[in-house]
Amino acid sequence: MVVQQEPAPLTRHLRIHQDRGFTVLEFRGEIDIVAAMEILPSLDRVTGRPDARIVIDLRQVEFFDCSGLRLLYRARQRLLERDGRLHLVCTHPLTLRILRVTGLSRLLPPQPTLDAALGQTETTPT
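Before going into details, it helps to say that this report is about the structure given with it. Quantities reported herein were computed from a predicted structural model and do not represent experimental measurements.

What to know about the nonpolar core
- In terms of nonpolar packing, the biggest core is built from 28 residues, with Leu 25, Phe 27, Ile 56 and Leu 58 touching the most fellow members.
- Within the residue set of this core, elements represented by two or more residues are strand E2 (14–19), strand E3 (22–31), helix H1 (33–47), strand E4 (53–64), helix H2 (66–81), strand E5 (85–89) and helix H3 (93–102).
- Of all hydrophobic cores here, the second largest spans 7 residues; its members include Phe 22, Val 55, Leu 114 and Leu 118.

What follows is the structure in structure tokens.
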């Protein structure tokens, strides 16, 4: 039997692990200005690499405000500048509504599962 270990949290709001060539950032809990300040250094580190392939997974998020939106926009912009790829996983109805209302869902279409996000073709726009 193979036992997968839970990735160690970098902060109480972020876990990072690798899956199928992507770096997966799992945001957790309440993503507000305090959480964003905790997440930002790790986000900048992983999005600063050329050709980075990133998935941001919001399934464990309970609250998401404009600070979280800024993190998503920042990640997208940094990856565009470095020929990277960004995919998003989100299922929470209120977070999905925020993404739709702000137009971010058109730029970064949310997927319902990590498998769906990892399975997106490389031709999918970032």
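That shown, we press on.
Focus on the side chain of Asp 57
- With respect to the helices, strands and loops of the structure, Asp 57 is situated in strand E4.
- For Asp 57, the side chain forms a polar contact with the side chain of Arg 59, separated by 2.6 Å.
- Asp 57 has contacts with Val 24, Leu 25, Glu 26, Phe 27 and Val 89, leaving out every residue within four places of it along the chain.

Parameters and conventions
- Residues numbered from 1 in each chain as written.
- Predicted model: local features only at pLDDT ≥ 70, side-chain atom pairs only at ≥ 80, totals over all residues.
- Heavy atoms only, no water.
- Core = buried A, V, L, I, M, F, W, Y, C linked by side-chain atoms within 4.5 Å.
- Buried < 20%, exposed > 50% of the residue type's maximum accessible area, 1.4 Å probe, protein only.
- Helix = DSSP H or I, 4+ residues; strand = E, 2+ residues; numbered from the N terminus.
- Polar contact = N/O pair within 3.5 Å; in protein donor to acceptor, adjacent residues only side chain to side chain.
- Contact = heavy atoms within 4.5 Å.

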